[in-house]
Amino acid sequence: MNQRLEAQHRLGGLIQKHYGRAREIERTREQPIAWASTGAPNEILWAMGFFVQFPEAYAATCGARHAAHAHCAVTEARGYERHLCTYCRNSIGASLAEMEGTGAFEPLARPDFLLVSNNSCILITKWWEHLSHYWKIPMINIDSPLVVPGMDRGDIIGHVKRQCIDLIQFLEDFTKKRFDHDRMKEIVENGKRSADGYRGMLDASRHDPVPASFFDLIGHNFPNLVLRYDPASAEHYEQMKTELDMRIAGGVAAAPGMKYRLYWDGVPYWFAIRNLYEKLRNFGMSLVTSTYFEVFAFENLDPSHPLDSVAENTAMFYLNRSVGYKTETTERIFRDFHLDGGVFAYASSCKPFSISMHYIADTVRKKLGAPVTIIEGDLVDETFYDEERNNTKLQALAEALAAKRK
Amino acid sequence: MKKGEMLTGFKTMFKHPYRRAAEWKRITGKKVIGCVPMYFPDEMVHAAGALPVALFGSGEPISHADAHLMTNACDQVRSTFDSLLKGHYDFMDGVAALHVCDQVRFFIEVWQLDRPFPFFHQMWRPFKMDGSTRPFLLKELERLKSSLEKLTGNQITPQALRESIESYNESRLLIRAMNDIRSRRPGILGAADTARIIAAGMLMPIEENITLMKQLISVLEREAIDGSERTRIVVAGHPCAVPDADLLDMLENYGLSVIDDDLFSGGRRCATDVILENDPVEALADSYMNALPCTTHHFPSAWMKSGDDHSPYSDHVIEMVRKGNAEAVVILRMMYCDPFDLEFVFLKKRLEEEGIPFLPLVTQHGPVPLESLRTRVQAFAERLKTHL
């Protein structure tokens, strides 16, 4: 964070431009606006001319700007339980506040259509049902099975593809436009280039000293998620890779003097990023990478098979993979990125990340001998966050790492 | 046999949930498969010559599971895992689960990795129910069929599966008959007894369950109880777990009679049959596609239109109230059950719009702190009595 990348300025510009454009389209209605989940087959929306916004990314922004708690409070007043996903509660709360004219934080542009896939969790479909209910607009869910041993990969992809075809038919009726296969191919091409660039950015962190920390990279999920249909996303990563390579060549570290390279597991506590960064730095620990980045990798895109590859991307979404697969991926990352230990961030309202966390952390500790700690908080609602308790755990981790190195 | 003796028998079976299954295994030498609630196709297990038993967890304090799972898991998941770690499932030959919710799907995976069983089968029932997802459901049913055939060495022929489905349909018919008596003569069968009877049916061979249910219905039909002065209510919620008996008893001690319910160990278990017309695997797939609205399903046709309010689950609960001529709904909300908690917001709104009184009660694992709920239940019962 103290060695600011040029890419951060460029990222700020991309974000600003995206949301500025959203406001403009909301006013002119020149394009339909969709709200979509991260793992949905969003290339179809882009090919159909939708402007796509992402309630999950918006929740992260609200968390980082300390606006999420107020949104969550709106839902609590409506009977939503506090233990429900705080991304979900933020999104519903912000929507209700916007409809009632009581919102204080910049909202997403109002949607015309909702697309979701239950490939991140099953709850997300219920969340989208509630958005559909309040906004009074249609939604479509793409059912995507959890990929478990014994299932046939081709069957799963075929299952998702059938629904993608149904989605296209629905959108043709909805927009009164024909689906443009050439445009789809172009979008998938752009997406593939963006995904390749994203992987290049992540792989730079294998180097020691790490040229950009987890905290530096975390915001750069945005282009590959939100803008990968546009060549601007790939260009961003290509320029970023050049910048990171220059750092590597020059021996420039993201934060000089760090003694330990750490792994992060789970969704960041968006409201506590700076606090955690400083705390870890004080202990000589640098967060290097995370399987969280895999959520935004979108690596199955293939312009020679646009629709099939979009279906595959949806079906093989990282969050929809088995606990065994996630554990193996975590172990591989520990080895490939030469990590010394790990911080596992339990999110009290996020069941998919949290239920298996204990198993993954324990496996890494036992198989790789890497010290790990599980800290506690939540995605965006800071009322669940106990800073002192977590600091104690991080200190214990630092001590365990020091003892191991002796 | 007298009613009291029969109810005590069911109570004992539920108190020792796996005693009969273990005994059955010892005598027959056949396989026992633990099935995580809800909606696992027991018929398929039965057709393979194995015994499916529901894994309800237990009422014991959770002392082992929290070392393996984070505590935001629901009570059903934590209690089931706790029972596993305490060895309650050791005699079983395998475990099977249908991914009904996020907790089950990730918990069951941890189980498979952390405490593997020789047979472990996870099945996907599409969350979205429509024609586009049916082919994959069929594949999943075929995959389950192959796994069970491999485990048991028995081929699941269409005829065997058809016969199993017929047995389960008969069991469902008998539960519906029992519920019908309860609805016509409130008070004849307590809600706690009803839940235990239905849950016990998931812990024994279906043939035994059919025999017992026939005896019970015969006994109930002979009993003269009117119960017309009691307030008729519907109980909804508690999707996976069997509700606490003391809590259900408390409702009825205040003059409320549960005449229908939407519990998995209740009306939901028997509401719809598997319609056997052609291929029995196809019939099972259709039964999922035509299932009762549940908080763990998504019905796409309801959400593809603009401008309407939808909650198929709320419609279902309201329909139960209307059909059963009930006065109110008690909603049992199991702690940390995300699908139900989200649906509750719609249900609450719809019940308010329809003018149907309701009482939501949050339940937690272990003995329910009845005193903290007693005042609310009493006030609710009195309000209903005064209002009627």
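Residues numbered from 1 in each chain as written. Chains lettered and ligands numbered in written order. Predicted model: local features only at pLDDT ≥ 70, side-chain atom pairs only at ≥ 80, totals over all residues. Heavy atoms only, no water.

A. Representation of the overall build of chain A within the structure. A tally of regular secondary structure across chain A gives 17 helices and eight strands. For 406 residues, the compact-globule formula gives about 22 Å, and the C-alpha radius of gyration of chain A, at 21 Å, lands near that figure. Structurally, chain A occupies a C-alpha span of about 70 × 50 × 45 Å along its principal axes. Out of the 406 residues in chain A, the part that is buried amounts to 64%. A separation of at least 24 residues holds for 77% of the contacts in chain A among residues at least 6 apart in sequence. Carbon and sulfur atoms form 50% of the exposed surface of chain A, whose accessible area is close to 14,200 Å². Here chain A contributes 47 positive and 52 negative side-chain charges, whose respective centroids are spaced 3 Å apart. (Helix = DSSP H or I, 4+ residues; strand = E, 2+ residues; numbered from the N terminus. Rg over C-alpha atoms; globule rule 2.2 N^0.38 Å. Buried < 20%, exposed > 50% of the residue type's maximum accessible area, 1.4 Å probe, protein only. Contact = heavy atoms within 4.5 Å. Areas by Shrake-Rupley, 256 points an atom, 1.4 Å probe, with all protein chains shown as cover. Lys, Arg positive; Asp, Glu negative; His and termini not counted. Charge placed at Lys NZ, Arg CZ, Asp CG, Glu CD.)

B. Representation of the sheet that holds strand S8 (residues 372-377) of chain A. All names here are of chain A. On the basis of which strands lie adjacent, the open sheet formed by four strands has the order S6-S5-S7-S8 and parallel pairing. Strands with a single pairing partner mark the edges of an open sheet, and in this sheet they are strand S6 (285-290) and S8. Pairs of neighbouring strands in the sheet enclose a mean axial angle of 30 degrees, with direction left out of account. Here strand S7 (residues 341-347) runs beside S8; their pairing, made up of six bridges, is parallel. When the bridges of S8 are listed, Val343 appears paired with Thr373. Packing of helix H12 (residues 273-282) onto the sheet brings it into contact with strand S5 (260-265), S6 and S8, and relative to S6 it is tilted by some 125 degrees. Docked against the sheet, helix H14 (residues 323-336) engages S5, S6 and S7, running at close to 160 degrees with respect to S5. (Pairing = 2+ DSSP bridges. Axes fitted to C-alpha atoms, helices over the stretch in contact; angles between N-to-C directions.)

C. Structural view of the nonpolar core. Counting 296 residues, the largest nonpolar core has A:Tyr87, A:Phe113, B:Trp111 and B:Met178 as its most contacted members. Once residues lying within four places of it in the same chain are set aside, the contact partners of B:Trp111 are B:Val36, B:Leu55, B:Thr80, B:Phe81, B:Leu84, B:Tyr89, B:Val95, B:Pro116, B:Phe117 and B:Phe120. (Core = buried A, V, L, I, M, F, W, Y, C linked by side-chain atoms within 4.5 Å.)

D. Looking closely at the interface of chain A and chain B. Listed by partner, the interface residues are 62 residues for chain A and 53 residues for chain B. For the chain A and chain B pair, buried surface summed over both sides reaches about 5,100 Å², with 64% attributable to carbon and sulfur atoms. At the junction of chain A and chain B, the tally comes to four salt bridges. A salt bridge links B:Glu343 to A:Lys126, with the shortest nitrogen-to-oxygen separation between them at 2.6 Å. (Buried area = accessible area lost by both parts, 1.4 Å probe. Salt bridge = Lys/Arg side-chain N within 4 Å of Asp/Glu carboxyl O.)

E. Examining the sheet that holds strand S4 (residues 119-123) of chain B more closely. Residue and element names in this part refer to chain B. Spatial strand order, S2-S1-S3-S4: four strands in an open sheet with parallel pairing. Each end of this open sheet is capped by a strand with a single partner; those strands are strand S2 (51-54) and S4. Shown here is a sheet whose adjacent strand axes are inclined to one another by a mean of 25 degrees, direction ignored. Across the sheet, helix H6 (residues 134-152) touches strand S1 (32-36) and S4, and the angle it forms with S4 is around 175 degrees.

F. Seen up close, unusual backbone geometry. With an omega of 0 degrees, the peptide bond between A:Asp208 and A:Pro209 qualifies as cis. Its location among the elements puts A:Pro209 in the loop between helix H8 (181-203) and helix H9 (214-217). Geometrically, the link from B:Pro37 to B:Met38 is a cis peptide bond, its omega value of 10 degrees lying close to zero. Structurally, B:Met38 is set in the loop between S1 and helix H3 (42-47). For A:Lys136, which is not a glycine, the phi torsion comes out positive at approximately 55 degrees. With respect to the secondary-structure elements, A:Lys136 resides in the loop between helix H6 (123-135) and strand S4 (139-142).

G. Local environment of the domain arrangement of chain A. Residue and element names in this part refer to chain A. Splitting chain A by domain gives domain 1 (6-158) and domain 2 (183-405). Between domain 1 and domain 2, the C-alpha centre-to-centre distance is 21 Å. The interface of domain 1 with domain 2 comprises 52 residues on the first partner and 51 residues on the second. When domain 1 packs against domain 2, the two sides together hide about 4,300 Å² of surface, and 63% of this comes from carbon and sulfur. (Domains from an automatic or database assignment.)

H. Region of interest: the pairing of strand S7 (residues 328-334) of chain B. Residue and element names in this part refer to chain B. With seven of seven residues buried, S7 is to be regarded as a mostly interior element. Here S7 shows no split at all, with Ala328, Val330, Leu332 and Met334 on one side and Val329, Ile331 and Arg333 on the other all buried. Two elements, strand S5 (residues 231-237) and S7, share five bridges in a ladder whose sense is parallel. Within S7, the position partnered with Ala236 by the bridge is Ile331. Strand direction decides the pairing type here: S7 and strand S8 (residues 358-363), joined by six bridges, are parallel. Counted as the bridge partner of Val329 is Phe358 from S8. With respect to chirality, the unit in which S7 leads through helix H14 (residues 338-354) into the neighbouring parallel S8 is right-handed. (Right-handed = clockwise from strand over helix to strand, strands pointing away.)

I. Region of interest: the packing of aromatic side chains. Considering all chains together, one arrives at 36 aromatic pairs over all chains under this definition. With a centroid separation of 5.9 Å and 15 degrees between ring planes, the pair formed by A:Phe170 and A:Phe174 is classed as stacked. Of the two residues, A:Phe170 and A:Phe174 are both situated in helix H7 (residues 153-175); the distance of four residues between them amounts to about one turn of the helix. An aromatic cluster is present here, built from A:Phe214, A:Phe215, A:Trp264, A:Tyr269, A:Phe271, A:Tyr277, A:Phe293 and A:Tyr385 joined pairwise through their rings. Taking NZ or CZ as reference, A:Arg228 lies 3.8 Å from the ring centre of A:Phe298, over its face. Here the guanidinium or amino end of B:Arg333 rests over the ring plane of B:Phe344, the centre of that ring lying 3.8 Å away. (Phe/Tyr/Trp six-rings, centres within 6.5 Å; stacked < 30°, edge-to-face > 60°. Lys NZ or Arg CZ within 6 Å of the ring centre and 35° of its normal.)

J. Up close: empty space enclosed by the protein. In total, this model carries 14 cavities of 30 Å³ or more according to the counting rule given. Considered as a void within the structure, the largest cavity measures approximately 470 Å³ in volume. Looking at the lining of the largest cavity, the elements with two or more residues in it are S1, H3, S2, helix H7 (158-184), helix H11 (267-270) and helix H12 (280-289) of chain B. The class makeup of the residues in the lining of the largest cavity is 20 nonpolar, three polar and seven charged. Taken together, domain 1 (14-153) and domain 2 (228-387) of chain B each give at least three residues to the lining of the largest cavity, which thus spans both. The volume enclosed by the second largest cavity comes to roughly 120 Å³. In terms of lining residues, the second largest cavity is bounded by A:Asp265, A:Thr291, A:Tyr318, A:Leu319, A:Lys326, A:Thr330, A:Pro352, A:Phe353, A:Ser356, A:Met357 and A:Ile360. Mapped by element, the contributors of at least two residues to the lining of the second largest cavity are H14, helix H15 (351-355) and helix H16 (357-368) of chain A. Considering only residue class, the lining of the second largest cavity consists of six nonpolar, three polar and two charged. (1 Å grid on protein atoms, 1.4 Å probe; cavity = no way out; pocket = protein on both sides within 12 Å on 5 of 7 lines; lining within 4 Å. Points joined across faces, edges and corners; volume = space filled by probe spheres on them. Nonpolar A, V, L, I, M, F, W, Y, C, P; charged D, E, K, R; others polar.)

K. View of the packing of H6(B) against H12(B). Residue and element names in this part refer to chain B. As a packed pair, H6 and H12 sit with axes 10 Å apart at the nearest point and diverge in direction by 130 degrees. Judged by the inter-axis angle, H6 sits oblique to H12. Every pair of crossing elements has a handedness; the one defined by H6 and H12 is right-handed. On the side of H6, the interface is formed by Arg134, Leu137, Leu138, Leu141, Glu142 and Lys145, while H12 contributes Val281, Glu282, Leu284, Ala285, Asp286, Tyr288 and Met289. Its residues assigned to classes, the contact of H6 with H12 comprises eight nonpolar, no polar and five charged. (Parallel < 35°, antiparallel > 145°, perpendicular 65-115°, else oblique. Left-handed = near helix turned anticlockwise from the far one by under 90°.)

L. Just the pairing of S7(A), in detail. Residue and element names in this part refer to chain A. Burial of S7 is extensive: seven of the seven residues sit out of reach of the surface. Neither face of S7 is open: one carries Gly341, Val343, Ala345 and Ala347, the other Gly342, Phe344 and Tyr346, and all of them are buried. As paired strands, S5 and S7 are joined by four bridges and run parallel to one another. Looking across to S7, one finds that Asp265 is bridged to Phe344.

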